[in-house]
Amino acid sequence: MASGDIQDFYRQRKKGGAGSSAAAKKKSGKPRRGGATVGADAAQTPFLVSHGSPDLQDDYGPEEGKLRQFDMDMRYGPCLGLTRLQRWERASAMGLHPPPEVGEFLLQMWQDELRRRSSEPKTKPNPVLECLWEDRV
């Protein structure tokens, strides 16, 4: 590389052969699938639409939003293997000052869950009490 410059080292296009130019290549007559087309009615690709509504919209309220922020905040320790209430109590015991409104909401949900389980013992646990990553990782 002593006498040449960088363009000599990294060739920009293939040398020789008439078949290698872009004009010599023929396009296939088949229309492409999966991309956006001019005048298409669908604004979303099928992968972003689930059950008729875009997946990008949030289907949860402000309480669930606060709980998700709590799950994503690593200041309060890992959230895998624990319920949200257990994580909140652990963070509080360690002096990490988790949000009190999250603790109050989780305690209320846990009390409601205990009442519901006593009347209906064979029900699934409330997903609000579980971490955001439960059964996903």
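It should be emphasised that the depicted structure is a prediction, and the values quoted were computed from it without experimental measurement. (Residues numbered from 1 in each chain as written. Predicted model: local features only at pLDDT ≥ 70, side-chain atom pairs only at ≥ 80, totals over all residues. Heavy atoms only, no water.)

Asks: Hey, could you run me through the pattern of salt bridges in this one?
Replies: Considering all chains together, one arrives at 7 salt bridges under this definition. The salt bridge involving Arg84 is made with Glu64; its shortest N-O contact spans 3.5 Å. Within this pair, whereas Arg84 is found in helix H3 (residues 84-93), its partner Glu64 is found in helix H2 (residues 62-72), the two being separated by 20 residues in sequence. Each member of the pair, Arg84 together with Glu64, is buried. Arg115 is the salt-bridge partner of Asp112, the closest N and O atoms lying 2.7 Å from each other. Residue Asp112 and its partner Arg115 are both found in helix H4 (residues 100-119); the two are separated by 3 residues, about one turn of the helix. Residue Asp112 is classed as partly exposed on the basis of its relative accessible area of 32%. (Salt bridge = Lys/Arg side-chain N within 4 Å of Asp/Glu carboxyl O. Helix = DSSP H or I, 4+ residues; strand = E, 2+ residues; numbered from the N terminus. Buried < 20%, exposed > 50% of the residue type's maximum accessible area, 1.4 Å probe, protein only.)

Asks: Sorry if this is basic, but what is going on with the packing of H2 against H3 here?
Replies: The axes of two packed helices give the description: the angle between them and the distance between them. At a minimum axis distance of 11 Å, the contact between H2 and H3 shows a crossing angle of 60°. Relative to H3, H2 is oriented oblique. When the axes of H2 and H3 are compared, the crossing they make is left-handed. Residues Glu64, Leu67, Arg68, Phe70 and Asp71 of H2 lie in contact with H3, whose contacting residues are Arg84, Arg87 and Trp88. (Axes fitted to C-alpha atoms, helices over the stretch in contact; angles between N-to-C directions. Parallel < 35°, antiparallel > 145°, perpendicular 65-115°, else oblique. Left-handed = near helix turned anticlockwise from the far one by under 90°. Contact = heavy atoms within 4.5 Å.)

Purely geometric stuff here, so don't read any function into it on its own.
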